[in-house]
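What the coordinates show
The primary structure of each chain is shown beneath.
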Amino acid sequence: MKTKHKIAWVVAAFALAMVATGGYFYYCYTNKTGPFKQYALFSDKQKDGYVFIDTDDNLDSVCLKLKPIASEKGIKVFRELAADKERPLQIRTGRYHITPDKRIIDVYRLLNGHQQEPLMLTIPETRTMPRMAALISRKLMLDSATIAQALCDSAYCQKMGYTTQTIHALFVPNTYEVYWDMTLDDLMKRMQKEHAAFWNAERKRKAEVLGLTPIEVATIASIVDEETANVAEKPTVAGLYLNRLHLGMLLQADPTVKYALQDFSLRRILKKHLEVDSPYNTYKYIGLPPGPIKVPSIKGLDAVLNAVQHDYIYMCAKEDFSGTHNFAATLKEHLQNASRYQQALNARGIK
């Protein structure tokens, strides 16, 4: 009998222990504490957040960046996970999206697994490479000085098949999905890939028919873009410059003078401006300038490839300041158009 009582007591004690243990684990699981604390929500705020991890970040700085979107418990347990000798946090650069439904373990895995979220990078139609560098650096981990130095370096440009004068032609203005921590080389490889995709067989064929290389098309397109913002007018303007080029005339494009002077605020090109001695001054030098005067738009590039065939060799801004132009095939017509425009400028006091 005594033996049976002992067995009963052992079984009861074991059952009680199991119930207590189960209750403990149930409590911990329900309250996300104890062995389940890592499954608690990371944030107590109902909003999304982004964390940007740089190359010089450490655990302390990472936690500092996480703090605005984390609960106190979230940071504390995250630190414990990150400091675990068996699975320490591998701090990896990137842009990480943390949503309110993320648990502490989810955030840890997100950063440790380099599961960053891509972003949309817009390549702008900009005039200078330092400006391009500044705009790109606002969206990427790369600093503007690193980008500008490379794009203004002849050896770096040569590696990609360009010069510092023609590098504008590499870029195709558009919006691309990229990762925030991409390297400069990765960025440039992506630009080369997008350039190759844009210059497909059909566009190359059209350029060959015109007797132009893609860089020359980009150079004319950059002038066209600066001459008019009116998309419908671009093919006509492109046709005019092609006519001048084929006739061996000076292009006499005002935007190239602004580029030569690096003064893009000029509203009126005067005789003194035309004296600048620069290969970009198309009032002095026949043919195309050394390269594009800006990163040309896709519409500008296609306007050149699909230029309107006509006899126009002169153009002048319309006197109504609509942003469009009067075109002429003869000097007499052009002088009449120019006179009307000059009178309109004088009437408005534009110098």
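Note on numbering: residues in each chain are counted from 1, in written sequence order. Whole-chain, interface and lining totals are the exception, using all residues; otherwise, since this is a predicted model, local features are given only for residues with pLDDT of at least 70 and side-chain atom pairs are given and counted only at 80 or more. Side-chain calculation: all heavy atoms of the structure are included, whereas hydrogens and water are not.

**Thoughts on the overall build of the protein**
Definition in use: The way it works is that DSSP assigns letters per residue, a run of H or I at least four long becomes a helix, a run of E at least two long becomes a strand, and they are numbered from the N terminus. We call two residues in contact when some of their heavy atoms are within 4.5 Å. Residue burial considers only the protein chains on display, and all accessible areas are found by Shrake-Rupley using a 1.4 Å probe.
Assigned secondary structure in the protein consists of 14 helices and six strands. Partitioning the intrachain contacts of the protein with sequence separation of at least 6 by distance along the chain shows that 62% fall at a separation of at least 24. Working note: accessible area of the protein is about 19200 Å², and carbon and sulfur atoms make up 54% of it.

**Description of the side chain of Thr-99**
Operational definition: Note on classification: 1.4 Å probe, protein chains only; a residue is buried when its accessible area is under 20% of the maximum for its type, exposed when over 50%, partly exposed between these limits. We define a polar contact as two N or O atoms separated by no more than 3.5 Å, with the added condition that, inside protein, one atom must be a possible hydrogen donor and the other a possible acceptor, whereas residues neighbouring each other in sequence contribute only through side-chain atom pairs.
Mapped onto the elements of the fold, Thr-99 is located in the loop between β2 (94-98) and α4 (104-112). When its relative accessible area of 14% is taken as the criterion, Thr-99 is described as buried. A polar atom in the side chain of Thr-99 sits 2.3 Å from the side chain of Asp-101.

**Section: the layout of surface pockets**
Threshold: Points on a 1 Å grid, built from protein atoms alone, make a cavity when a 1.4 Å probe fits but cannot get out and make a pocket when they are open with protein on both sides within 12 Å along at least 5 of 7 lines; residues with an atom within 4 Å of a point are the lining residues. Grid points are joined across faces, edges and corners, and a volume is the space filled by probe spheres set on the points. Each residue is assigned to one class: nonpolar for Ala, Val, Leu, Ile, Met, Phe, Trp, Tyr, Cys and Pro, charged for Asp, Glu, Lys and Arg, and polar for all the others, Gly among them.
Within this model, the largest pocket holds a volume of roughly 1100 Å³. Forming the walls of the largest pocket are 34 residues, and the residues nearest its centre are Glu-227, Asp-254, Cys-316, Ala-317 and Tyr-341. Elements with a contribution of two residues or more to the lining of the largest pocket: α10 (214-227), α11 (234-247), α12 (254-261), β5 (314-317) and α14 (331-348). Looking at the lining of the largest pocket, the element that brings in the most residues is α14, giving six residues. Its residues assigned to classes, the lining of the largest pocket shows 18 nonpolar, seven polar and nine charged. Its volume calculated, the second largest pocket comes out at about 210 Å³. Lining the second largest pocket we find 14 residues, and of these Leu-210, Leu-242, Ala-307, Val-308 and Gln-309 sit closest to its centre. Those elements that place two or more of their residues in the lining of the second largest pocket are α9 (201-210), α11 and α13 (298-305). In terms of residues, the lining of the second largest pocket owes the most to one element, α11, which gives four residues. Taken together, the residues of the lining of the second largest pocket break down into seven nonpolar, six polar and one charged.

**Considering α12**
Taken as a whole, α12 has its buried residues at Pro-255, Thr-256, Val-257, Tyr-259 and Ala-260. Residues of α12 that are buried sit in contact with α10. Gln-262, located one to two residues past α12, shows a positive phi value of around 55 degrees.

**Quick notes on the confidence of the model for the protein**
Cut-off, in case you're wondering: A score between 0 and 100, pLDDT records how confident the predictor is in each residue.
In this model, the protein carries a mean pLDDT of 89, and residues with pLDDT of at least 70 account for 89%. Predicted confidence is poor over residues 20-29, with pLDDT under 50, and the contacts of this stretch with residues over four places away or in other chains come to ten contacts.

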